[in-house]
Amino acid sequence: MDFVRNTESLEVYSQYYIEAENWKSDIEFYIIEHKFMSTLINKYFTFLISKEYLDETQDIVLRLSKLENIGKDLIKDVEDFMHGVKTNLTKDDQMFYKRLNSEKEKLGRRVEAFSHIFKHIKTDVFKITEKILGNEKVKKLISAVH
């Protein structure tokens, strides 16, 4: 009977670990995209932007900055969760399982919220990019280079 319970525990914890690995991978990808968007705005938009889009761009920069800190904290929490699962794979303790399950649910909600916020910011970056690149002043600058 203990073997069966340990096998079930191992299977559940392994699934938790795999899910956490997926979360970590997603967050790492978001971090790469974040760096790209920050570079795009900070290095290229500064000299292309007109006063018309300044407030909107500053809002996006602020939101990106806040999201960066949230992402760093979240990835650390996911890594801590993964470590906890890994070090207790064979533990067959109902209280531990309940605590781990609760942590997984909370972490999953945080990852989902992070992803949702990130997608909104990314959409806003794309929209402002389109506006800025569609601006006549920018079109003239680009055509002068070619």
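Before going into details, it helps to say that this report is about the structure given with it. Bear in mind the structure is a predicted one, so any value in this text is a computation, not a measurement.

### So, the environment of Asn42
- In this structure, Asn42 sits in helix H1 (residues 2-48).
- For the pair Asn42 and Gln58, spaced 16 residues apart in sequence, the C-alpha separation works out to 10.0 Å.

### With respect to the pattern of salt bridges
- Per the stated rule, a full pass over the model turns up 10 salt bridges.
- As a salt-bridge pair, Glu28 and Lys24 come within 3.9 Å of each other at their nearest N and O atoms. Residue Glu28 and its partner Lys24 are located together in helix H1, separated by 4 residues, close to a single helical turn.
- Residue Glu28 is classed as partly exposed on the basis of its relative accessible area of 36%.
- A salt bridge links Glu33 to Lys122, with the nearest nitrogen and oxygen atoms 2.3 Å apart. Taken as a pair, Glu33 in helix H1 and Lys122 in helix H3 (residues 94-134) lie far apart in primary sequence, 89 residues in all.
- Classification of Glu33 as buried rests on a relative accessible area of 15%.
- By relative accessible area, which is 22% here, Lys122 ends up partly exposed.

### Observations concerning the packing of aromatic side chains
- Using the criterion set out here, one finds 9 aromatic pairs in the structure.
- Both rings, one in Tyr16 and one in Tyr97, keep their centres 6.4 Å apart while their planes meet at 15°; by these two values the pair is stacked. Pair noted here: Tyr16 is in helix H1 and Tyr97 is in helix H3, with a separation of 81 residues, a long-range link.
- Judged by its relative accessible area of 6%, Tyr16 falls in the buried class.
- Each residue in the set Tyr13, Tyr16, Trp23, Phe81, Phe96 and Tyr97 is aromatic and connected to the rest through ring pairs, giving one cluster.

### Details of the nonpolar core
- By size, the foremost hydrophobic cluster in this structure holds 30 residues, and its most contacted members are Ile27, Ile60, Val78, Phe81, Leu100 and Val125.
- Elements supplying a minimum of two residues to this core: H1, helix H2 (51-87) and H3.
- Non-local contacts of Ile27, meaning those with residues more than four positions away in its chain, are made with Gly71, Leu74, Ile75, Val78, Val111 and Phe114.

What counts, and at which threshold
- Residues numbered from 1 in each chain as written.
- Predicted model: local features only at pLDDT ≥ 70, side-chain atom pairs only at ≥ 80, totals over all residues.
- Heavy atoms only, no water.
- Helix = DSSP H or I, 4+ residues; strand = E, 2+ residues; numbered from the N terminus.
- Salt bridge = Lys/Arg side-chain N within 4 Å of Asp/Glu carboxyl O.
- Buried < 20%, exposed > 50% of the residue type's maximum accessible area, 1.4 Å probe, protein only.
- Phe/Tyr/Trp six-rings, centres within 6.5 Å; stacked < 30°, edge-to-face > 60°.
- Core = buried A, V, L, I, M, F, W, Y, C linked by side-chain atoms within 4.5 Å.
- Contact = heavy atoms within 4.5 Å.

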